[in-house]
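An overview of the molecular structure
Here is how the chains run, residue by residue.
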Amino acid sequence: MLDPQLFQDLVAEARLAPSVHNIQPTRWRREGDSILVLADESRRLPAADPSGHDIRLSHGAAIEGLSLALGLRGLRIGGIETAVDGMPAQGVVARITLAPGGEADPLAGAVASRASWRGAFRQRDPDLPSRLAHLDEVTDDLVIIGVSDAVSEVADLADRAAFHFLCDDAHRRELLHWMRLSRADPRYGLDGLDAQALALGRIEAIAASLVLGPLFPALRRVGLAAPLTSERGKTASGVIALFHRPIGEDVLQTGRAFYRAWLAMERAGLAACPISVLADWPLSNAALVERFAVPSDRRLVNVFRMGSPPQRGPARHARLALHDLIVR
Ligand SMILES: Cc1cc2nc3c(=O)[nH]c(=O)nc-3n(C[C@H](O)[C@H](O)[C@H](O)COP(=O)(O)O)c2cc1C
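What this report covers is the structure whose coordinates are included nearby. These numbers were taken from a predicted model, which means no experiment stands behind them.

Judged by side-chain polarity, I203, I206, L210 and L215 come together as a nonpolar surface patch covering roughly 360 Å² of accessible area. As for its placement among the helices and strands, I203 is situated in helix α6 (residues 202-211). Assessed through its relative accessible area of 62%, I203 is described here as exposed.

Rendered as structure tokens:
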């Protein structure tokens with residue numbers, strides 16, 4: 001069922017799934033007709049993700065990417081054994097067995113075009129209400145906030161949350177480590193957050209490396225660090241979606257749903273970008289849960305800003321080569 005060429009094709013599609021800071025922690029091994037999903041333990045985010053939650057969520061998104069790729073080929077995930085099921089081996093995230101009888105999922109059509117959109121959103125798009133209505137119809141995992149006063153409120157909170165984390169030296173250093181702000185960076189286009197993906201021009205990218213790097217403490221002292229790192233304008237130009245999942249759910253499963261929610265946005269014609277800090281900071285998480293009535297049996301996992309992008313070229317994905325992702 002699983003020859004080497006098919007395996008490569010599957011991984012090529014699964015790698016388009018989002019991962020936190022684009023660290024791409026997931027590795028793949030073919031074992032007969034099974035696929036082992038492995039964690040590259042050297043890729044971690046001790047400052048931004050000390051518990052490994054977002055990394056596990058990223059593995060889950062990659063598994064959903066695999067599932068969508070299988071469906072396009074009449075295959076499906078027949079069984080999935082995870083650490084939760086008592087899998088012993090270190091670094092093994094899941095063992096997946098394949099089965100026939102898969103079907104093409106409509107969301108698979110959005111995989112190639114989905115990408116994080118970090119610019120501002122188009123204003124006065126007459127189709128926006130119908131796009132939002134379509135999205136609302138296809139998922140129960142989102143609370144959509146479209147009223148502009150409420151969006152502005154969330155944009156302010158997002159800036160506060162982001163600044164809270166940026167003031168932590170280790171957090172800022174780690175973020176810069178995964179930023180590829182110069183095209184001369186040998187890892188540009190392979191992993192991490194590059195200037196193009198961050199919607200930064202050349203001068204803005206140089207400024208970002210200084211503001212988040214050596215100048216941050218001095219800028220903070222004179223009160224300029226917060227305004228210079230603000231994303232308020234971009235966030236307030238769109239609408240907000242609170243992504244929530246059942247309390248106690250295995251985060252691998254959460255990651256699969258996270259990718260599906262993002263693909264549903266793409267399919268509805270909405271560009272999007274997570275604002276993780278809003279969910280990660282307990283203060284903003286609790287405020288959003290209360291203010292926007294996230295159901296009590298659900299956990300606020302992440303927050304998206306989304307909207308209609310001004311113009312859309314072909315999606316671009318900075319990704320590792322297949323030979324780095326497939327291990328023997
Ligand atoms: C768990 C998780 C959290 C993320 N948080 C953020 C975030 O806070 N800000 C952001 O700009 N992108 C965030 N992203 C998006 C990733 O940076 C993005 O998926 C990655 O760079 C790959 O790029 P792509 O989405 O364009 O394919 C997050 C992704 C995941 C899976």
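Turning next to the nonpolar core. Of all hydrophobic cores here, the largest spans 31 residues; its most connected members are L135, F243, Y259, M265, L270, F304 and M306. At the level of elements, α2 (53-71), α3 (128-138), β8 (239-246), α10 (251-267) and β10 (298-307) are the ones that each hand at least two residues to this core. For this core, the element with the most residues is α10, which contributes nine residues. Those residues in contact with M265 that lie beyond four places of it in its chain are L135, L142, A241, L270, A272, F304 and M306. One finds F7, V37, L66 and V93 within the second-largest nonpolar core, a separate group that totals 24 residues.

Looking now at the packing of aromatic side chains. For the structure on display, the rule yields five aromatic pairs. Here F243 and F258 contribute two aromatic rings whose centre-to-centre distance is 5.6 Å and whose plane-to-plane angle is 75 degrees, an arrangement assigned as edge-to-face. Placement of the pair is F243 in strand β8 and F258 in helix α10, with a sequence separation of 15 residues. Comparing F243 with F258, the two get one shared label, buried. Connected via pairs of aromatic rings, a cluster forms that spans F243, F258, W262 and F304. Taking the ring centre of W262 as reference, the NZ or CZ of R114 above it sits at 4.4 Å.

Let us look at the sheet that holds strand β9 (residues 271-274). Each strand in a sheet pairs with its neighbour through backbone hydrogen bonds, running either in the same direction (parallel) or in the opposite one (antiparallel). If you walk across this open sheet you meet the four strands as β5-β8-β10-β9, and the pairing is antiparallel. Among the strands making up the open sheet, the edge pair consists of β5 (142-145) and β9. The mean inter-strand angle of the sheet, taken between neighbouring strand axes irrespective of direction, is 30 degrees. Of the strand pairs in this sheet, β5 and β8 are connected by four bridges, and their pairing is antiparallel. Residue pairing across strands places I145 opposite I240, the latter belonging to β8.

Conventions used here
For every chain, the first residue of the written sequence is number 1, and numbering continues from 1 along that sequence. Only residues with pLDDT of at least 70 are given local features in this predicted model, and only at 80 or more are side-chain atom pairs given and counted; all residues enter the totals for whole chains, interfaces and linings. Only hydrogens and water are removed before side-chain values are computed, so all heavy atoms of the structure are retained for them. Residues enter patches when their relative accessible area tops 30% and they take part in no salt bridge; the joining distance is 9 Å for like charges and 5 Å for the nonpolar side chains Val, Leu, Ile, Met, Phe, Trp and Tyr. With residues, only the protein chains shown are counted as cover, and all accessible areas are computed by Shrake-Rupley using a 1.4 Å probe. Throughout this description, the term salt bridge denotes a Lys or Arg side-chain nitrogen within 4 Å of a carboxyl oxygen of Asp or Glu. Think of it this way: any DSSP run of H or I at least four residues long counts as a helix, any run of E at least two long counts as a strand, and we number them from the N terminus. The classification of residues rests on relative accessible area computed with a 1.4 Å probe and restricted to protein chains. Under 20% of the type maximum is buried, over 50% is exposed, and intermediate values are partly exposed. Here, nonpolar core means buried Ala, Val, Leu, Ile, Met, Phe, Trp, Tyr and Cys residues that are tied together by side-chain atoms lying within 4.5 Å of each other. Every residue pair with non-hydrogen atoms within 4.5 Å of one another is taken to be in contact. Pairing of aromatic rings covers Phe, Tyr and the six-membered ring of Trp, with a centre-to-centre limit of 6.5 Å; geometry is then stacked below 30 degrees between planes, edge-to-face above 60, and tilted otherwise. Two limits define a charge over a ring: the Lys NZ or Arg CZ must be within 6 Å of the ring centre, and within 35 degrees of the ring normal. Between any two strands, at least two bridges found by DSSP are needed for them to pair. To get an axis, fit a line to the C-alpha atoms, keeping to the stretch in contact for a helix; angles then go from 0 to 180 degrees between the N-to-C directions.

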